[in-house]
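As a plain string of letters, each chain reads:
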Amino acid sequence: LGRAYAMGVGVTRDPAHAARLAQSACDADDAMGCNDLGRAYADGAGVAADATKAFTLFTRACTLGDGDGCNGLADIYWRGTKAVPKNRRRAVELYATGCANGGAIACYNHGRKLARGDDVAKDEVKAADAFAKGCELGDGRACADLAEALADGRGVAKDEAKAQTYRARACQLGWGDKRCGKR
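This report concerns the structure included in the present document. Note that the structure is predicted; figures quoted are calculated from it, not measured.

### Some details on the packing of helix α3 (residues 31–43) against helix α4 (residues 51–63)
One way to put it is that α3 packs onto α4 with a least axis distance of 8 Å and a crossing angle of 160°. Judged by the inter-axis angle, α3 sits roughly antiparallel to α4. The chirality of how α3 crosses α4 is left-handed. Mapping the contact onto sequence places A31, C34, N35, L37, G38, R39, Y41 and A42 in α3 and K53, A54, L57, F58, R60 and A61 in α4.

This is the structure we're talking about:
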């Protein structure tokens, strides 16, 4: 219900009410509620922006098993803040944890770090695996990157037919590339 109010899906958009609902859920040890409240504090949506509170809430969400919470926490470590020093190795670990816990965006981010060798050993096979999981979980960018890996034979056997299938899936999921026919 909190997410519905946060996005205005089926109800009038009300970020402050969404934050109150997320707070109640988090108080009851609901991992998704902690993540959603962390995102509200990170973005200043319905509450005053507070990076320290966002960090604490993403930590709690991740500890409770929310993949998106791990991704939010990883993003903070990747960039660093006044209160949290940049720690990219920790960020990469958290992206992996988030992916293992079902966070589609965490899978995409982990795959990107592995594919590029960003503060982790470059591993195109593991990158393709992360993109595949992210795609399966519904991240269009992960599908697009898997399609490119398949087209180029990076980390997986080259297979243009499968690449086309994953490009189509990326487009269905809202990937905004010109190959999707969007302007």
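### Some thoughts on the layout of surface pockets
Computed from the structure, the largest pocket encloses a volume of approximately 460 Å³. Along the walls of the largest pocket sit 19 residues, with R3, A6, N35, D36 and R39 positioned nearest its centre. Taken together, the elements giving at least two residues each to the lining of the largest pocket come down to α1 (2–7), α2 (15–27), α3 and α5 (67–79). Considering each element in turn, the lining of the largest pocket owes the most residues, five residues, to α3.

### What to know about the side chain of N35
For N35, the position within the fold is in helix α3. Of note is the side chain of N35, whose polar atom sits 3.3 Å from the backbone nitrogen of G69.

### What to know about the nonpolar core
In this structure, L37, F55, L73, Y77, A91 and L94 are the most contacted members of the largest nonpolar core, which totals 24 residues. For this core, the secondary structure elements donating two or more residues are α2, α3, α4, α5 and α6 (88–100). Every residue in contact with A91, bar those within four places of it in the chain, is listed here: A74, Y77 and W78. C135, A142, L150 and W175 belong to the second-largest nonpolar core, a separate cluster that totals 16 residues.

### Notes on α5
Look at α5: 19 Å from first C-alpha to last across 13 residues, which is about the 18 Å you get at 1.5 Å a residue. Of all 13 residues that make up α5, 11 are buried, and the element is covered over most of its length. Residues of α5 that are buried in the fold lie against α3, α4, α6 and α7 (104–116). A distance of 3.1 Å separates the backbone nitrogen of D68 from a side-chain oxygen at the start of α5, and that oxygen is part of D66. Downstream of α5 by a residue or two, G80 has a phi angle that is positive, lying close to 80°.

### Some thoughts on the state of the cysteines
In this structure the tally under the stated criterion is five disulfides. Across the disulfide, C62 is cross-linked to C70 (sulfur-sulfur distance 2.0 Å). Here C62 and C70 share a disulfide; its torsion about the S-S bond, 90°, makes the bridge right-handed. By the burial criterion, C62 is buried, and C70 matches it. At a sulfur-sulfur separation of 2.1 Å, the disulfide partner of C99 is C107. Residues C99 and C107 are joined through a disulfide that is right-handed, its torsion about the S-S bond being 95°. The same class applies to C99 and to C107, which are both buried. Counting its disulfide-bonded cysteines in sequence order, the protein chain shows a connectivity of 1-2, 3-4, 5-6, 7-8, 9-10.

### A look at the environment of D50
Tracing the chain through its elements places D50 in the loop between α3 and α4. Note on D50: relative accessible area 24%, which makes it partly exposed. Spatially, the C-alpha atoms of D50 and D66 are 20 Å apart, while their sequence positions differ by 16 residues.

### Side note on the packing of α5 against α7
Interaxial distance between α5 and α7 falls to 7 Å at its minimum, and their mutual angle equals 40°. Between α5 and α7, the interaxial angle falls into the category oblique. Together, G67, D68, N71, D75 and W78 of α5 and A104, I105, A106, N109 and K113 of α7 make up the contact between the two elements. Taken together, the residues that form the contact of α5 with α7 break down as four nonpolar, three polar and three charged.

The rules behind these values
- Residues numbered from 1 in each chain as written.
- Predicted model: local features only at pLDDT ≥ 70, side-chain atom pairs only at ≥ 80, totals over all residues.
- Heavy atoms only, no water.
- Axes fitted to C-alpha atoms, helices over the stretch in contact; angles between N-to-C directions.
- Helix = DSSP H or I, 4+ residues; strand = E, 2+ residues; numbered from the N terminus.
- Parallel < 35°, antiparallel > 145°, perpendicular 65-115°, else oblique.
- Left-handed = near helix turned anticlockwise from the far one by under 90°.
- Contact = heavy atoms within 4.5 Å.
- 1 Å grid on protein atoms, 1.4 Å probe; cavity = no way out; pocket = protein on both sides within 12 Å on 5 of 7 lines; lining within 4 Å.
- Points joined across faces, edges and corners; volume = space filled by probe spheres on them.
- Polar contact = N/O pair within 3.5 Å; in protein donor to acceptor, adjacent residues only side chain to side chain.
- Core = buried A, V, L, I, M, F, W, Y, C linked by side-chain atoms within 4.5 Å.
- Buried < 20%, exposed > 50% of the residue type's maximum accessible area, 1.4 Å probe, protein only.
- Expected span 1.5 Å × (residues − 1).
- Disulfide = S-S within 2.5 Å.
- Nonpolar A, V, L, I, M, F, W, Y, C, P; charged D, E, K, R; others polar.

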